[in-house]
Amino acid sequence: MAGFVRELERRGGPALRLEQRAAGGVGCVVWDAALVLAKFLETGACPLARRHVLELGAGTGAVGIMAATLGANVTVTDLEELQELLMVNIENNKHLVTGSVRAKVLKWGEDVSEFQPPPDYILMADCIYYEESLEPLLKTLKDLTGPDTCVLCCYEQRTMGKNPEIERKYFELLQLDFELEKIPLDKHDEEYRSEDIHIMNIHRKQTVPASVFRRTIFELCADFLLFFNAVASWDLKTGVWRHQSNKNNMPTAAL
């Protein structure tokens with residue numbers, strides 16, 4: 001299939017050469033959000049060397065391949081029809097890779113057991129555009145992430161059509177299970193940045209293990225009994241607790 005090449009400059013050497021397709025859907029071109037996220041990785045804000053990285057909705061693989069040139073062990077994922085393009089771009093840039101990179105099929109909402117254990121990083125660029133894909137995407141994020149997984153989600157804020165409503169719904173649902181932090185614009189690459197392209201740092205919400213909760217309840221009960229014993233005494237004759245400072249000898253509680 002006919003294609004055209006997009007070069008992405010790198011700070012540390014030759015540019016990435018990313019083949020695109022003139023036809024084939026939204027995954028066949030390098031979008032601006034992918035450029036912004038790829039260049040943000042180059043700032044060194046996130047340590048990638050020898051880290052396990054997974055890219056969702058990789059398309060051309062621009063972001064994941066950039067991570068691999070920074071020493072990460074990367075799996076770029078997308079639908080079956082994007083695998084050939086991903087493989088072409090991996091092959092074209094393999095001489096720049098200092099970690100590793102492979103392409104795999106991953107359909108959002110389906111089983112992710114082959115991608116376990118949870119990666120250190122999940123990368124997403126412009127994955128928020130189809131309303132029907134939101135719940136499958138959120139399920140995949142929940143299934144893939146562990147307590148230490150960092151999700152970097154880069155998206156272009158669009159104002160046309162249903163885009164604002166789709167974005168609002170996505171982040172509303174996302175916040176049920178995740179903590180979100182917007183990365184300030186001045187932390188983006190100095191050249192590859194835009195007021196309407198945002199990078200979110202996302203982590204799973206931390207939950208208290210049941211064993212810790214049970215221990216906390218036990219400790220509260222024990223503390224209460226120690227306090228009660230310190231201020232009251234048991235009267236064997238009357239069968240009641242009496243306050244230690246109760247000068248009138250009035251009962252504190254009766255059986």
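Residues numbered from 1 in each chain as written. Predicted model: local features only at pLDDT ≥ 70, side-chain atom pairs only at ≥ 80, totals over all residues. Heavy atoms only, no water.

Draft legend 1. Region of the structure containing the sheet that holds strand 5 (residues 100-105). The mixed open sheet is built from seven strands, whose spatial order is 5-4-3-6-7-9-8. On the outer flanks of this sheet lie strand 5 and strand 8 (178-182), each paired with one strand and no other. Taking the axes of each pair of neighbouring strands and ignoring which way they run, one obtains an average angle of 20° across the sheet. Looking at chain direction, strand 8 and strand 9 (residues 197-204) are connected through five bridges and run antiparallel. Within strand 9, the residue paired with L180 across the bridge is I202. Helix-sheet contacts for helix 4 (residues 134-144) involve strand 3 (52-56), strand 6 (121-125), strand 7 (150-156), strand 8 and strand 9, and the interaxial angle to strand 3 is about 170°. (Pairing = 2+ DSSP bridges. Helix = DSSP H or I, 4+ residues; strand = E, 2+ residues; numbered from the N terminus. Axes fitted to C-alpha atoms, helices over the stretch in contact; angles between N-to-C directions. Contact = heavy atoms within 4.5 Å.)

Draft legend 2. Quick look at the packing of aromatic side chains. Counting across every chain of the model gives two aromatic pairs. Arranged with centres 5.2 Å apart and planes meeting at 50°, the rings of Y155 and F171 form a pair that is tilted. Here the residue Y155 occupies a position in strand 7, and F171 occupies one in helix 5 (residues 163-174), the gap between them amounting to 16 residues. Across the pair, F171 and Y155 agree in class, each one buried. Centre to centre, the rings of Y170 and F171 are 4.9 Å apart; their planes meet at 75°, and the pair counts as edge-to-face. The class for F171 is buried, based on a relative accessible area of 11%. Connected via pairs of aromatic rings, a cluster forms that spans Y155, Y170 and F171. Directly above the aromatic system of W31 lies the positively charged group of R158, at a separation of 6.0 Å from the ring centroid. (Phe/Tyr/Trp six-rings, centres within 6.5 Å; stacked < 30°, edge-to-face > 60°. Buried < 20%, exposed > 50% of the residue type's maximum accessible area, 1.4 Å probe, protein only. Lys NZ or Arg CZ within 6 Å of the ring centre and 35° of its normal.)

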